[in-house]
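Each chain is listed here by its residues.
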Amino acid sequence: MQTIPRTTLTHFRKALTFAAVVVTLMMMVSCVTADDYSDTPSGNLEALWQALDRNYCFFDYKDVDWNAIHEKYSAMMNAGMTEQQEFEVMTAMLSELRDGHVNLYTSFDVGRYWSWHEGYPSNVSDTLLRRYLGTDYRIASGMKCRVLDDNIGYVRCASFDTEMSSSGLDDILSWLAPCRGLIIDVRGNGGGYLTSAEKLAARFTNQKTLVGYMQHKRGPGHNDFSPMEGQYLKPASGVRWQKPVVVLTNREVFSAANEFVKYMKCLPKVKVVGDRTGGGAGLPFSSELPNGWSVRFSACPMYDTAKQCTEFGIRPDYSLELSEADVRRGIDTLIEYARRLLAAYSEPKG
């Protein structure tokens, strides 16, 4: 479990569309509150462990013995600990879940698990992106857009932290309409508003489309879930794109951005190029500890159309890494591959 300043985690703390529903469900299944435990190192750890024991959604999927973890870390707590020591033990316990949505928030630090993308190539270069975008790109709905010199549209969507406006998306797609294909680059997108991911994806379908499933926790048992409910992407009422699309991904694509890739893979004119995404397929829920610290964790699991959980990421249609040789030449391997795919799609057949 690594720790980083609170300010760098802002995008992870954005509320998702149905957070209120999740909170209500969690209140229904759990009657334990922070008031039930003492504000001591042992009491805080117990409150933390119980909150996840009753509400966390991926115990079986992560293949962890949560009771054994309780024994291991509760033995480390003692009344003479400093706040920092208490924090380190609790973040270490949470790291056993290997979940990027599990965070412990304090006034002095934020505990977080980041191995879902550490140890993997980033497959993106800010220097190269600046070269491709140039200086005459447009900015709308939190995205940077331009037309490349082969008449391919390029949209850089680095985050879903911004609530996308329907008028902004209409303007972007109308401006790019003469292009023969579109590249949507979500590399490094750590998520944000699920509504923004849905709004953007809804511009690429003309019919209601099944894009996956989700469940809700309905009891304190580790497997107390509601039946799977279908997730459907409905076509937007504004301008919709009718030409081929390539979505660029890397391991840092997480949470709402992971869902965006899941949605787009269900659409007929879309291909995904790059690395497996980072995952983050559980809607987060927050709880408070007796000492005032808060914990966030995955509470509602989400699945693809084959009913497979996407917590550990989504495979691309074309697996590709950023070539060091290309970087030295000022070329983005993934963007150029996407351009070739779109050019081949638009070439006359026969």
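What you see is a predicted model, and the numbers here were worked out from it, not measured in a lab. (Residues numbered from 1 in each chain as written. Predicted model: local features only at pLDDT ≥ 70, side-chain atom pairs only at ≥ 80, totals over all residues. Heavy atoms only, no water.)

Caption draft 1: Broad picture of the confidence of the model for the protein chain. Residues of the protein chain with pLDDT of at least 70 account for 89%, and the chain-wide mean is 90. Contacts from residues 1-32, a stretch scored under 50 in pLDDT, to residues over four places away or in other chains number 81 contacts. (pLDDT = per-residue confidence, 0-100. Contact = heavy atoms within 4.5 Å.)

Caption draft 2: Geometry of unusual backbone geometry. One non-glycine residue with positive phi stands out, namely Ser141, at about 50°. Structurally, Ser141 is set in the loop between β4 (138-140) and β5 (143-147). Taking relative accessible area as the criterion, Ser141 reaches 12% and is therefore assigned buried. At Lys307, a residue that is not glycine, the phi angle is positive and equals roughly 65°. Inspection of the secondary structure puts Lys307 in the loop between β13 (294-303) and β14 (318-319). (Helix = DSSP H or I, 4+ residues; strand = E, 2+ residues; numbered from the N terminus. Buried < 20%, exposed > 50% of the residue type's maximum accessible area, 1.4 Å probe, protein only.)

Caption draft 3: Region of interest: the packing of helix α2 (residues 41-55) against helix α4 (residues 66-74). Here α2 crosses α4 at 170°, and the two axes come no closer than 11 Å. In terms of their interaxial angle, α2 and α4 are classed as roughly antiparallel. Residue-level contacts link Leu45, Glu46, Trp49, Leu52 and Asp53 of α2 to Trp66, Asn67, His70, Tyr73 and Ser74 of α4. Residues belonging to the contact of α2 with α4 are distributed by class as follows: five nonpolar, three polar and two charged. (Axes fitted to C-alpha atoms, helices over the stretch in contact; angles between N-to-C directions. Parallel < 35°, antiparallel > 145°, perpendicular 65-115°, else oblique. Nonpolar A, V, L, I, M, F, W, Y, C, P; charged D, E, K, R; others polar.)

Caption draft 4: Here's a closer look at the pairing of strand β12 (residues 282-288). In the sheet, β12 pairs with β13 via seven bridges, with the strands oriented antiparallel. Counted as the bridge partner of Leu283 is Cys300 from β13. Taking the residues between adjacent antiparallel strands as the criterion, β12 and β13 are bridged by five residues, where Gly292 takes a positive phi near 95°. (Pairing = 2+ DSSP bridges.)

Caption draft 5: Representation of the nonpolar core. Phe260 and Met264 are the most contacted members of the largest nonpolar core, which totals 42 residues. It is helix α9 (residues 256-264) that contributes the most residues to this core, six residues altogether. Here Phe260 is in contact with Phe160, Ile184, Val186, Ala197, Leu200, Ala201 and Val247, once residues within four sequence places are set aside. Ala51, Phe58, Ala281 and Phe285 belong to the second largest nonpolar core, which has 35 residues in total. (Core = buried A, V, L, I, M, F, W, Y, C linked by side-chain atoms within 4.5 Å.)

Caption draft 6: Broad picture of the pairing of strand β10 (residues 245-249). Burial analysis of β10 places five of its five residues in the buried class, the great majority of the element. Burial along β10 is two-sided: Val245, Val247 and Thr249 facing one way and Val246 and Leu248 facing the other are all buried. The sheet contact formed by strand β7 (residues 181-185) and β10 spans four bridges and is parallel. From the neighbouring strand, Ile183 faces β10, where its bridge partner is Val246.

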